[in-house]
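Observations on chain architecture
This is what each chain is made of:
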Amino acid sequence: MRKLKSAILGPGNIGMDLMYKIMSRGKNIELKLVSGIVAGSRGLALARENGFETSLDGVESILADPEIRVVFECTSAKAHLANAPRYEEAGKVAIDLTPAAVGPYVVPAVNLEQHVGGVNFNMVTCGGQATVPVVAAVNAVTPVEYAEIVATLSSKSAGPGTRANIDEFTETTADAVVSVGGAKKGKAVIILNPAEPPLLMRNTVYCKVQNPERIARISAQVGLMVEKVKQYVPGYRLRLGPELDGDRVIMMVEVEGEGSYLPKYSGNLDIITATALATAEEVAARILHSCPQNRGEW
Amino acid sequence: MHAVSHRFTPDDMAVIAAALAVAGLDTIEVGHGDGMGGSSYQYGFAAATDVEYLRAVKSVLTKTKLAVLLLPGIGTHRDLEKAAKYGADTVRIATHVTEADIAAQHVQIAKSLGMEAICFLMMAHMAPTAKVVEQARLFDSYGADVVYVTDSAGALLPHQVGERIAAVKEAVSVPVGFHAHNNLGLAVGNTLAAVAAGASSVDGCLCGLGAAAGNAQTEILAAVFDRMGIHTGIDLYKVMDAAEDVVQPRMHRPQIVGKLGLTTGWAGVYGSFMLHATRAGDKYGIDPRDILVELGRLKTVGGQEDLIIDVASRFAREAGDSGKHLLQRI
């Protein structure tokens, strides 16, 4: 079966983790090029070792290759803001793993279907990917008046980008809890814990609901949702709840990384790369099936 | 406000702040115990909004500096802007003792808003002195006006306080402060150890009203410093009056070192966990001390209140399971 060719811009931790995921389970997507701007980067060396084209021209080499249809942006919000219009002009779909939010927030288990024809997909935040599905599941049973999420990450798994702009995490996540999760109001908190050995990424979700008596249905719906997310984030699991406590429903989800490139405690990075691949797979499936020339039959 | 579950009203705060101002305190911090934006399921909802507290207190202060608390990850730059707008002169920016770099942006924003930035290294007992020094240097490099060693768990012993303060003092270019909790009954003693080692800013609460067994009692510190010949500018009678006549009637319970406060300090757990652990213990039928000790073993940091429910429900499940085994054996 024909696969759509993709490129990774930014051969850092996220880019490399994504590379290994595409190698191990890309069905509609294959990797062609990994591009960066820093000579001697470990990521580029790994990409070469694994047989991929590499380049030091950054975005330019991707734009210059008409074969590449999907770009994974693993750089920074600033870089993606500059690159996004150029990808679109060049007819490439952008999967944005930065906080730029040029395109809509996409949480595959919740709203990918509604955006799948788009050209730019934002992956929200790790906390958003872990918690928005749960909020949406509760909201499908009873209106969520207020959702609050607390993401706890191991210090080791929080990179310099997250640290330098931690407000971006809380604001974007709270935003997605409302706009994608369906809560009327949202709040997000992030905590870094330096314990050794590093802890797994943990997310607590509190929902204030209109109909707490529907707890059995909430449980069933959340259970289904967790299975749905697990299909593309294998290490995603419900650790506690849903549990009723006064007017709030409490749930905790944990993300164990696959350990494809990054250690297992980096569930926060794993969930983003796994989500990016899942999104790209759906988008690619649609492109491959809708345009006959892409099927390789003609 | 931890000790009153964040339930003081803006009027309560204004009355207390006015009494403190009359007594001659330098800076008064107001708001939710977990800082701006702290009002939540995770930490407890405050009786009023951050802005309502700020407005009420600002209206009674003239010379005294008004401070807010900000924990990056909970509060954001928007909260800082709000605080500046409603008259806060000072922000105390607090991170876990190993995570100072998440506050760089907030220190810079505070400075650009014209605020004094006091930076806290919380849970200072969890890191060796060398690490505390490294992180204090980071705060210094971001532009902090004062760097605090914060004993959030009330777990430090006097010699450990002295060692950390002296090393930080040596390493940074700005004044050094200390924030004590009384869980091991050492809040005043540790504060004195900090001053002896070079701290020039210290924290207190009237009646010690703070998380777990509370903080150093402001009125006691005022009396002790006076006896030591250290000038604080505090009127001793007035600060005693403020404690006994204004704060005490508003307290939910006496501020003592009870078994839970003591366990909090002994286990090295973030002070505000205590009341949450008590509630979880009630709900799941577990001794809250077991919860606190487990939280210490898990090396939890400030802000991880959600883990209390996790631990309590796990203990309850385990207790249930072993109960079943027992029945089967019988």
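Everything numeric in this text was worked out from a predicted model, so none of it was measured.

**Here's the deal with the overall build of chain B**
What chain B contains, in helices and strands, is 13 helices and seven strands. Scaling as 2.2 N^0.38, a compact globule of 330 residues should have a C-alpha radius of gyration of about 20 Å, and chain B matches this with 20 Å. Taken over the C-alpha atoms alone, chain B extends approximately 70 × 45 × 40 Å along its principal axes. Here chain B holds 330 residues, and 59% of them are scored as buried. Sequence-distant contacts, at least 24 apart, represent 75% of the contacts inside chain B between residues at least 6 apart. For chain B, the separation between the mean place of its 28 positive charges and that of its 35 negative charges on side chains is 3 Å.

**What to know about the nonpolar core**
Residue and element names in this part refer to chain A. Judged by nonpolar contacts, the single largest core of 82 residues is most densely connected at Ile-8, Met-19, Phe-72, Ile-95, Cys-207 and Tyr-236. Looking at this core, the element that brings in the most residues is helix 10 (residues 267–290), giving eleven residues. Here this core spans two domains, and each of domain 1 (4–122 + 274–294) and domain 2 (126–265) adds at least three residues to it. Not counting chain neighbours up to four residues away, the residues in contact with Ile-95 comprise Val-70, Val-71, Phe-72, Glu-73, Phe-121, Met-123, Ala-276, Thr-279 and Ala-280.

**Section: empty space enclosed by the protein**
Scanning the model with the defined rule gives two cavities of 30 Å³ or more in all. Contributing to the lining of the largest cavity are 18 residues, with Ile-191 of chain A together with Pro-72, His-96, Met-122 and Gly-302 of chain B lying nearest its centre. The element best represented in the lining of the largest cavity is strand 8 (residues 186–193) of chain A, accounting for four residues. Taken together, the residues that form the lining of the largest cavity break down as 13 nonpolar, four polar and one charged. Volume-wise, the second largest cavity comes out at about 40 Å³. Considering the residues around the second largest cavity, the lining is formed by Val-30, Gly-31, His-32, Met-36, Asp-50, Tyr-53, Leu-54 and Val-68 of chain B. Broken down by element, the lining of the second largest cavity gets its largest block of residues, three residues, from helix 2 (residues 50–58) of chain B. Tallied by class, the residues present in the lining of the second largest cavity amount to five nonpolar, two polar and one charged.

**Quick look at helix 6 (residues 126–141) of chain A**
The axis of helix 6 of chain A is deflected most strongly, by about 30°, at Val-132 of chain A, and proline Pro-133 of chain A appears within four residues downstream. Most of helix 6 of chain A sits inside the fold, with 14 of its 16 residues counted as buried.

**A short note on the domain arrangement of chain A**
All names here are of chain A. Taken domain by domain, chain A comprises domain 1 (4–122 + 274–294) and domain 2 (126–265). Just the C-alpha atoms count here: the centres of domain 1 and domain 2 sit 25 Å apart. Opposite the 19 residues of domain 1 that make contact, domain 2 presents 20 residues. Between domain 1 and domain 2 lies a buried interface of about 1700 Å² when both sides are counted; carbon and sulfur atoms form 63% of it. Where domain 1 packs against domain 2, one counts two salt bridges. Where domain 1 meets domain 2, there are nine residue pairs in polar contact (both at pLDDT 80 or more).

**Here's the deal with the pairing of strand 2 (residues 29–35) of chain A**
Residues and elements named next belong to chain A. For strand 2, the tally of buried residues reaches six of seven residues, placing the bulk of the element in the interior. Bridge analysis of strand 1 (residues 4–9) against strand 2 gives six bridges, and the strand direction is parallel. Across the sheet, residue Ile-8 finds its bridge partner in strand 2, namely Val-34. Taken together, strand 1, helix 1 (residues 13–25) and strand 2 form a β-α-β motif whose crossover is right-handed.

**Quick word on the pattern of salt bridges**
For the structure shown, the criterion picks out 36 salt bridges over all chains. With a closest N to O distance of 4.0 Å, Lys-65 of chain B and Asp-26 of chain B form a salt bridge. Taken together, the residues span a long stretch of sequence, with Lys-65 of chain B in strand 2 (residues 65–70) and Asp-26 of chain B in the loop between helix 1 (10–23) and strand 1 (27–29) at a distance of 39 residues. Residue classification places Lys-65 of chain B among the partly exposed positions, given a relative accessible area of 26%. Notably, a salt bridge pairs Glu-116 of chain B with Lys-65 of chain B, separated by 3.3 Å at the nearest N-O pair. Separated by 51 residues along the polypeptide, Glu-116 of chain B in strand 4 (residues 116–122) and Lys-65 of chain B in strand 2 bring together distant segments of the chain. Via salt bridges that share partners, Arg-202, Arg-237, Arg-239, Glu-254, Glu-256 and Lys-264 of chain A together with Asp-310 of chain B belong to a single interconnected network.

**Here we look at the interface of chain B and chain A**
Of the residues lining the interface, 36 residues belong to chain B; the matching set on chain A comes to 35 residues. In total, chain B and chain A occlude about 2800 Å² of area from one another, counting both sides; carbon and sulfur atoms represent 48% of this. When the area that chain B buries against chain A is broken down by residue, the three leading residues are Tyr-41, Gly-73 and Asp-306 of chain B, summing to 24%. At the junction of chain B with chain A, the criterion picks out seven salt bridges. For Arg-163 of chain A, the salt bridge is made with Glu-99 of chain B, and the minimal N-O distance between the two is 2.8 Å. Between chain B and chain A we count 23 residue pairs in polar contact (both at pLDDT 80 or more) in total. Secondary structure elements with two or more residues in the side of chain B that touches chain A: helix 3 (77–85), helix 4 (104–112), helix 11 (273–284) and helix 13 (306–329) of chain B. In terms of residue count, helix 13 of chain B provides more of the side of chain B that touches chain A than any other element does, six residues in total. Residues that form the side of chain B that touches chain A fall into these classes: eleven nonpolar, 17 polar and eight charged.

**Let's talk about the sheet that holds strand 3 (residues 90–96) of chain B**
Residue and element names in this part refer to chain B. Taken together, the seven strands give an open sheet; going across it, the order is 1-2-3-4-5-6-7, and neighbouring strands pair in parallel fashion. Two strands lie at the open edges of the sheet, namely strand 1 and strand 7 (201–202), each paired on one side alone. With two bridges connecting them, strand 6 (residues 176–179) and strand 7 associate as parallel partners. When the bridges of strand 7 are listed, Phe-178 appears paired with Val-202.

Basis of the calculations
Residues numbered from 1 in each chain as written. Chains lettered and ligands numbered in written order. Predicted model: local features only at pLDDT ≥ 70, side-chain atom pairs only at ≥ 80, totals over all residues. Heavy atoms only, no water. Helix = DSSP H or I, 4+ residues; strand = E, 2+ residues; numbered from the N terminus. Rg over C-alpha atoms; globule rule 2.2 N^0.38 Å. Buried < 20%, exposed > 50% of the residue type's maximum accessible area, 1.4 Å probe, protein only. Contact = heavy atoms within 4.5 Å. Lys, Arg positive; Asp, Glu negative; His and termini not counted. Charge placed at Lys NZ, Arg CZ, Asp CG, Glu CD. Core = buried A, V, L, I, M, F, W, Y, C linked by side-chain atoms within 4.5 Å. Domains from an automatic or database assignment. 1 Å grid on protein atoms, 1.4 Å probe; cavity = no way out; pocket = protein on both sides within 12 Å on 5 of 7 lines; lining within 4 Å. Points joined across faces, edges and corners; volume = space filled by probe spheres on them. Nonpolar A, V, L, I, M, F, W, Y, C, P; charged D, E, K, R; others polar. Bend = angle between axes of the 7 residues up to and from the residue. Buried area = accessible area lost by both parts, 1.4 Å probe. Salt bridge = Lys/Arg side-chain N within 4 Å of Asp/Glu carboxyl O. Polar contact = N/O pair within 3.5 Å; in protein donor to acceptor, adjacent residues only side chain to side chain. Pairing = 2+ DSSP bridges. Right-handed = clockwise from strand over helix to strand, strands pointing away.

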